[in-house]
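Residues per chain are reported as follows:
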Amino acid sequence: MTSPASLDSLKSKLREIHHLHDAAAVLSWDQETYMPAGSGAIRAEQLATLQTLAHNQFTSPEVESLLGSFVDIDTGTILPNQETTLDDTAHALLRETWRDFSRAKKLPSSFVNKLERECSLAQQIWQEARKTNDFQRFLPNLERLVRLKQQEAEYLSYTDSPYNALLDTFEPGSTVAQLRPLFAELRTHLIRLLDQIRNSPVQPNTSLLTQSFDTAKQVDFGRLVLKQMGYNFQRGRLDLSAHPFTTAFHPTDARVTTRVFEKDMPSCLFSCIHEGGHGLYEQGLSPQHYGTPLGEAISLGIHESQSRLWENSVGRSQAFWKYLYPKLQETFPEQLGAVQAEEFYLAINQVVPSLVRVEADELTYNLHIMVRFEIELEVIEGRVEVDELPELWNAKIEEYLGVTPSNDAEGVLQDVHWSFGAFGYFPTYTLGNLYAAMLFQQAKQDMADLEQNIGQGNFLPLKNWLNDRVHKWGRQYSASDLIQQVTGQALTSEPFVKDLEEKFGNLYQFST
Ligand code: ZN
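Analysis parameters
- Residues numbered from 1 in each chain as written.
- Predicted model: local features only at pLDDT ≥ 70, side-chain atom pairs only at ≥ 80, totals over all residues.
- Heavy atoms only, no water.
- Helix = DSSP H or I, 4+ residues; strand = E, 2+ residues; numbered from the N terminus.
- Rg over C-alpha atoms; globule rule 2.2 N^0.38 Å.
- Lys, Arg positive; Asp, Glu negative; His and termini not counted.
- Charge placed at Lys NZ, Arg CZ, Asp CG, Glu CD.
- Buried < 20%, exposed > 50% of the residue type's maximum accessible area, 1.4 Å probe, protein only.
- Pairing = 2+ DSSP bridges.
- Axes fitted to C-alpha atoms, helices over the stretch in contact; angles between N-to-C directions.
- Contact = heavy atoms within 4.5 Å.
- Donors = N, O, S within 2.8 Å, 3.2 Å for Na, K, Ca; no water.
- Phe/Tyr/Trp six-rings, centres within 6.5 Å; stacked < 30°, edge-to-face > 60°.
- Lys NZ or Arg CZ within 6 Å of the ring centre and 35° of its normal.
- Core = buried A, V, L, I, M, F, W, Y, C linked by side-chain atoms within 4.5 Å.
- Domains from an automatic or database assignment.
- Salt bridge = Lys/Arg side-chain N within 4 Å of Asp/Glu carboxyl O.
- Buried area = accessible area lost by both parts, 1.4 Å probe.
- Parallel < 35°, antiparallel > 145°, perpendicular 65-115°, else oblique.
- Left-handed = near helix turned anticlockwise from the far one by under 90°.

### Focus on the overall build of the protein
- Secondary structure assignment for the protein yields 22 helices and three strands.
- Computed over its C-alpha atoms, the radius of gyration of the protein comes to 23 Å, within 12% of the 24 Å expected for a compact globule of 512 residues.
- For the protein, the C-alpha atoms occupy an extent of roughly 70 × 55 × 45 Å along the three principal directions.
- The distance from the centre of the 44 positive side-chain charges to the centre of the 67 negative ones in the protein is 3 Å.

Set out below in structure tokens:
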């Protein structure tokens, strides 16, 4: 008979370990925002030490014994004598803790340390390589990282493809076999829509977005939108970084970053909305479960669904701009005073194949993801060497998007992900788009006045709905269970494709 106190002992041990992860996350946030460039090497060591400590503590005999009093350590099955005494929340806590434990246990401490160090260093080399457009500079680091990730897949073990082991880190339950047909079907629809848009007589005037916009005012406006969304600045902050991101150390400290360009107004605006969606998820997690899996986001795909829902379903909708456009005009009267709301709405929804993923529209974005998914698969499965990547990249981008990078900075070097070893991460972006459309469709069904509320700048009903349906659960449910539970459907691209058809059919005047 185990008393509830020992479940508390497990939780408090997990929280203690989480403090190490959070300390490392603060250092990583600092590395991306304010750290002096000269301290890169020591920061890599500091991060590696903290992550190794956390790993060692999590895989220690102490955790094994605490966990082992509830589950069979080899299989994760709840012990028969515990079955009936534990509630659903405890079951989920143990299921997810065992998942993390059994994965961590498979990775030797020396390997974790080596990988952390490589990632932190490679990230800094990548920044320089991208700046100087020099893939060769990054090549040795990337080669080492690919070998380490292949090794990690072997340690973790997998069925069918080593890529599945890496994918499972970011999107538990997702597999190559699931993604291939999903992406193939989606691609057919995207190409069809892209052709219709290409043949449309409607041409957005995007030059209105690339006038000169004061950068401080842009950031202030981003802050205003974040507040309006319900992002709590008492429990978060907005800073600048090269690559916008969200990081959280607790629901009371969930930070977002953006970047700002004088002559590219949508960049700062939409990264604020996007990261705001991520930030709301982190602020909406249960503080009571902090430090345990039930206080963490389900998966990157679900995380991305939150940012995409706000960025695209809300932030690029007519209702949203009905409310916000007069305010944007007030902020930039010289630039936008004479521009009609419809013209602005069309411009921010321009669809055009381009080279850079993070600046891509909501339709072609997914083609970028498919390119990366295919390349990663080739590399991790060992069919392509790392030094062949620039050429392969350019060929695939040409095939999918019909455009060709003129250099590696706007080609293979554009994304930060591989520099921190995040192979298997990219597919979660497209999954996020699909989940976002499914969730937003459901939100509209549940709240008949949703669009009206958005049009009046009242975003709180939507935020509260997401808090209640998605955020507060942490990892209580798997991604597929949560989506099924909230929308009554399994993962499908239908609502996403339907949204695109409706929106772009109207904007570009074609019928589907
Ligand atoms: Zn995101």
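Right, picking up where we left off after that structure.
### A short note on the pairing of strand S3 (residues 253–258)
- Within S3, five of the six residues are buried, which leaves the element mostly enclosed by the surrounding structure.
- With three bridges joining them, strand S1 (residues 238–240) and S3 adopt parallel strand pairing. Its bridge partner lying in S3, Asp 239 is registered against Thr 257.
- In this sheet, S3 lies alongside strand S2 (residues 246–250) in antiparallel orientation, the contact comprising four bridges. Its bridge partner being in S3, Ala 248 is matched across the sheet by Ala 254.
- Connecting S2 to the next strand, S3, in antiparallel fashion are two residues.

### Quick look at the sheet that holds S1
- Reading across the sheet, the three strands line up as S1-S3-S2 and stay open at both edges, with mixed pairing between neighbours. Each of the sheet's edge strands pairs with one partner strand only, and the pair in question is S1 and S2. Neighbour to neighbour, the strand axes of the sheet diverge by 25° on average, direction disregarded.
- Packed onto the sheet, helix H11 (residues 265–284) meets S1, S2 and S3 and runs at close to 165° relative to S3.

### As for the coordination of the zinc ion
- Within the protein, the atoms that donate to the zinc ion are His 274 (NE2), His 278 (NE2) and Glu 304 (OE), at distances of 2.1 to 2.2 Å.
- The sequence pattern formed by the donor residues of the zinc ion is H-x3-H-x25-E. Separated by 30 residues along the polypeptide, His 274 in helix H11 and Glu 304 in helix H12 (residues 300–314) bring together distant segments of the chain. For the pair His 274 and Glu 304, one class covers both residues: buried.

### A short note on the environment of Gln 335
- Checked against the element boundaries, Gln 335 lands in helix H14 (residues 333–336).
- A relative accessible area of 16% places Gln 335 in the buried class.
- Distance in space between the C-alpha atoms of Gln 335 and Glu 62 is 62 Å, their sequence separation being 273 residues.
- With residues near it in sequence (within four places) discarded, Gln 335 still touches Gln 211, Ser 212 and Phe 213.

### What to know about the packing of aromatic side chains
- Scanning all chains against the criterion turns up 23 aromatic pairs.
- Of the aromatic side chains, those joined through ring pairs into one cluster are Phe 170, Tyr 365, Trp 393, Trp 418, Phe 420, Phe 423, Tyr 425, Phe 426 and Tyr 429.
- One Lys or Arg, Arg 187, reaches over the ring of Tyr 400 and ends 3.8 Å from the middle of that ring.
- Arg 308 extends its terminal NZ or CZ atom over the ring of Tyr 365, reaching a point 4.1 Å from the ring centre.

### Side note on the nonpolar core
- Residues Trp 310, Trp 321, Phe 344, Leu 389 and Leu 462 are the most contacted members of the largest nonpolar core, which totals 133 residues.
- Composition of this core by domain shows at least three residues from each of domain 1 (5–157) and domain 2 (176–508).
- When sequence neighbours within four positions are dropped, the list of residues in contact with Phe 344 reads Leu 208, Leu 209, Met 265, Trp 321, Tyr 325, Leu 328 and Val 339.
- Counting residues in hydrophobic clusters, the runner-up holds 25 residues, among them Ala 24, Val 71, Leu 93 and Leu 294.

### A closer look at unusual backbone geometry
- Phi is positive for Asn 133, close to 55°, though the residue is something other than glycine.
- Tracing the backbone through its elements, the reader meets Asn 133 in the loop between helix H6 (109–131) and helix H7 (135–156).

### Let's talk about the side chain of Glu 376
- Of note, Glu 376 is situated in helix H16 (residues 365–380).
- Despite its burial, Glu 376 remains without a salt bridge, the nearest opposite charge being carried by Arg 372 at 7.7 Å.
- Dropping the residues within four chain positions of it, Glu 376 is found in contact with Tyr 163, Trp 418, Ala 422, Phe 423, Gly 424, Tyr 425, Phe 426 and Pro 427.

### Considering the domain arrangement of the protein
- Segmenting the protein into domains produces domain 1 (5–157) and domain 2 (176–508).
- Taken together, the contact between domain 1 and domain 2 spans 38 residues of the former and 41 residues of the latter.
- For the pair domain 1 and domain 2, the summed buried area comes to about 3,400 Å², and 64% of that belongs to carbon and sulfur atoms.
- Together, Trp 29, Arg 130 and Phe 135 form the three largest contributors to the area buried by domain 1 at its contact with domain 2, with a combined 19%.
- In this structure, the connection of domain 1 to domain 2 is made through two salt bridges.
- Linking Glu 96 and Arg 475 is a salt bridge whose minimum nitrogen-to-oxygen distance equals 2.9 Å.
- Going through the elements one at a time, helix H1 (4–33), helix H5 (88–105), H6 and H7 are the ones with two or more residues in the side of domain 1 that touches domain 2.

### Here's the deal with the packing of helix H8 (residues 162–170) against H16
- At their nearest, the axes of H8 and H16 sit 9 Å apart, and the two run at 125° to each other. Relative to H16, the element H8 is oriented oblique. Note on packing geometry: the crossing formed by H8 with H16 is right-handed. The residues of H16 that touch H8, namely those facing Pro 162, Tyr 163 and Leu 166, are Phe 373, Glu 376, Leu 377 and Ile 380.

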